[in-house]
Amino acid sequence: MFSWMIRTIASRLSYSGKASKLSILTYHRVSEFYDEKNPKTIHLSLFKLQMKWLKKHFVVLPLPEALDLQQKNALPRRAVCITIDDGYRDSYELIFKTLQEEKIKATFFISTQGIIDGGLWDAEVYSAIFDAPKAVTEVKCGGKLFDLSCFEQRVNARYLLTEYTKYLSLSERKKKIEELKRQTVSSSIEEYFLTIEQIKEMHAAGMTIGAHTENHPILTKESDKVAWQEIKQSKELLEAIIDAPVEYFAYPNGKLAEDFNEKHMNMVEDSGFKAALSTDWGVLVDLSLDRFKIKRFTPWDEKELHFILRLALNYRTH
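Within each chain, residues carry numbers counting from 1 in the order of the written sequence. Residues qualify for local features only when their pLDDT is at least 70, as the model is predicted, and side-chain atom pairs are given and counted only at 80 or more; totals for whole chains, interfaces and linings, by contrast, use all residues. Side-chain descriptors were evaluated using all non-hydrogen atoms of the structure, hydrogens and water having been removed beforehand.

A. Structural detail: the packing of aromatic side chains. Planes of paired rings set the category: under 30 degrees apart is stacked, over 60 is edge-to-face and the rest tilted, where pairs are Phe, Tyr or Trp rings (Trp by its six-membered ring) whose centres lie within 6.5 Å. Taken as a whole, this structure holds twelve aromatic pairs when the rule is applied. Among the aromatic side chains, those forming a connected cluster through ring pairs are Phe-249, Tyr-251, Phe-260 and Phe-273. Should the NZ of a Lys or the CZ of an Arg lie within 6 Å of a ring centre and within 35 degrees of the ring normal, that charge is described as sitting over the ring. Lying across the ring of Tyr-15, Arg-77 places its NZ or CZ 4.3 Å from the centre. The ring of Tyr-159 carries Arg-158 above its face, with NZ or CZ at 4.7 Å from the centroid.

B. The arrangement of the packing of helix 2 (residues 44-57) against helix 4 (residues 90-102) in detail. Packing of helix 2 against helix 4 brings their axes to within 10 Å, and their N-to-C directions diverge by 35 degrees. Between helix 2 and helix 4 lies a crossing of right-handed hand. Mapping the contact onto sequence places Leu-44, Phe-47, Lys-48, Met-51, Lys-52 and Lys-55 in helix 2 and Leu-94, Ile-95, Thr-98, Leu-99, Glu-101 and Glu-102 in helix 4. Ten residues, namely Ala, Val, Leu, Ile, Met, Phe, Trp, Tyr, Cys and Pro, are considered nonpolar, four, namely Asp, Glu, Lys and Arg, are considered charged, and the remaining ones, Gly among them, are considered polar. Split by residue class, the contact of helix 2 with helix 4 holds six nonpolar, one polar and five charged. Think of each axis as a best-fit line through the C-alpha atoms, taken over the contacting stretch in the case of a helix, with angles from 0 to 180 degrees between the N-to-C directions. Strands here are runs of E lasting at least two residues and helices are runs of H or I lasting at least four, both read from the DSSP assignment and numbered beginning at the N terminus. Two helices that cross are described as forming a left-handed crossing if the nearer one is turned anticlockwise from the farther one by less than a right angle, and a right-handed crossing if clockwise. Note on contacts: a residue pair is in contact if any heavy atoms of the two residues lie within 4.5 Å.

C. Representation of unusual backbone geometry. In this structure, Lys-103 is a non-glycine residue whose phi angle is positive, near 55 degrees. Mapped onto the secondary structure, Lys-103 falls in the loop between helix 4 and strand 6 (107-110). According to the relative accessible area criterion, Lys-103 is exposed, its value standing at 73%. Here Asn-253, not a glycine, exhibits a phi torsion of approximately 65 degrees, which is positive. We call a residue buried when its accessible area falls under 20% of the maximum for its residue type, exposed when it is over 50%, and partly exposed in between, using a 1.4 Å probe and counting protein chains only. Accessibility expressed as a relative area gives 18% for Asn-253, which makes it buried.

D. Main features of the environment of His-306. Among the structural elements, His-306 can be located in helix 13 (residues 304-313). The spacing of His-306 and Phe-151 is 155 residues in sequence and 33 Å in space, taken between C-alpha atoms.

E. Representation of the pattern of salt bridges within the structure. By definition here, a salt bridge exists when the distance from a side-chain nitrogen of Lys or Arg to a carboxyl oxygen of Asp or Glu is within 4 Å. Following the criterion strictly, the structure yields 16 salt bridges and no others. Between Glu-102 and Lys-52 there is a salt bridge; the shortest N-O distance is 2.7 Å. Taken together, the residues span a long stretch of sequence, with Glu-102 in helix 4 and Lys-52 in helix 2 at a distance of 50 residues. Ionic pairing is found between Lys-293 and Asp-290, a salt bridge with its closest N-O pair at 3.9 Å. Accessibility expressed as a relative area gives 29% for Lys-293, which makes it partly exposed.

F. Here's a closer look at the nonpolar core. Formed by 72 residues in total, the largest nonpolar core has its most connected members in Tyr-27, Leu-54, Ile-82, Leu-99, Phe-108 and Tyr-251. The dominant element in this core, judged by the number of residues it contributes, is helix 2, at six residues. Setting aside chain neighbours within four positions, we find Tyr-251 in contact with His-212, Leu-219, Phe-260, His-264, Met-265, Val-268, Ala-276, Leu-277, Ser-278 and Phe-292. The next biggest cluster of nonpolar side chains, apart from the first, holds 18 residues, and it includes Ala-66, Phe-109, Leu-284 and Ile-294. Buried Ala, Val, Leu, Ile, Met, Phe, Trp, Tyr and Cys residues form a nonpolar core when they are joined through side-chain atoms within 4.5 Å.

G. Summary view of helix 10 (residues 224-242). Compared with an ideal rise of 1.5 Å per residue, which puts 19 residues at 27 Å, helix 10 spans 28 Å between its outermost C-alpha atoms and is within 8% of the ideal. Along helix 10, the residues that are buried comprise Ala-227, Glu-230, Ile-231, Ser-234, Lys-235, Leu-238, Ile-241 and Ile-242. The buried residues of helix 10 occupy an angular sector of 135 degrees when projected down its axis, which confines them to one face. Opposite its buried face, helix 10 presents the exposed residues Lys-225 and Ala-240, each directed more than 90 degrees away. Once helix 10 finishes, Asp-243 follows within two positions and takes phi at roughly 55 degrees, a positive value. Multiply 1.5 Å by the residue count of a helix minus one, and that product is the helix's expected span. In this description, the arc belongs to the directions extending from the helix axis to the C-beta atoms.

H. The pairing of strand 5 (residues 79-86), seen in detail. Most of strand 5 sits inside the fold, with eight of its eight residues counted as buried. Pairing between strand 1 (residues 22-27) and strand 5: six bridges, direction parallel. Within the sheet, the bridge partner assigned to Leu-22 lies in strand 5 and is Ala-79. When the strands point away from the viewer, a crossover counts as right-handed if the path from the first strand over the helix to the second runs clockwise. Viewed along the sheet, the connection from strand 4 (residues 59-60) through helix 3 (residues 63-71) into strand 5 turns out right-handed. In this scheme, strands are said to pair when DSSP sees at least two bridges between them.

Shape descriptors only; they carry no functional weight alone.
The following block contains the structure:
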């Protein structure tokens, strides 16, 4: 009864009066087991349930098809797409495998430096904190002290330092992370990023491969030259890997005006992308207006009714 009502609500809210709206979900990390070092990661069992709920209550489409249908004013009501950002190894081992089981096609936005190094800057922060000897009870970064005196404090410090270094320019971020490494005697990272072979397999299976810059910088913190290189070179490397055009882009962190602006939208368009996605909450109403700043959303509810209701109500957000 409630499911029927929510599908009815979603059908009504997902139509603007002129065309259907598109809701795009965004995911990052999925874990098979509860990881005390990554307590904010969504559990695989919940991700699997959410994929089943989406198939049951919504019309799940590949991103390229959905955008094409909306442009033709032929998008069905309750349409949703699934996207996954960054390129961690669980994108292949857990997310891709689940999508195959459910016969769902998704888009994976990959930061290409991780393919080369085995991880991004956050992996370096992770290793610096959790590999530090017990004798290291604090570290200094950006003029602040971070407590490492117990496991819980290390988990907290890891999240705080990741957030802090994320908003630095790439050159400044590198300096701060090198300082962390010197203080914690950390010299390597655990390789847990997608491999070239995995990306090729995902592409061959019908998944869309999209670009997410090289080093996951906040584009507004970089010069125009660096921002252009980050956008363009990530596209070129992924195209060389899959031997096909890479036509979709996701902005790192993804908040319009804060993390990227119209200048970067123009760079993305000039690089040859067909569309670009943000992380601002909402739905796509008019592709001609928002092609390079498409909004996304993901409800994290663990109960089916709450999950589908929140997703249905999101169609009201433009």
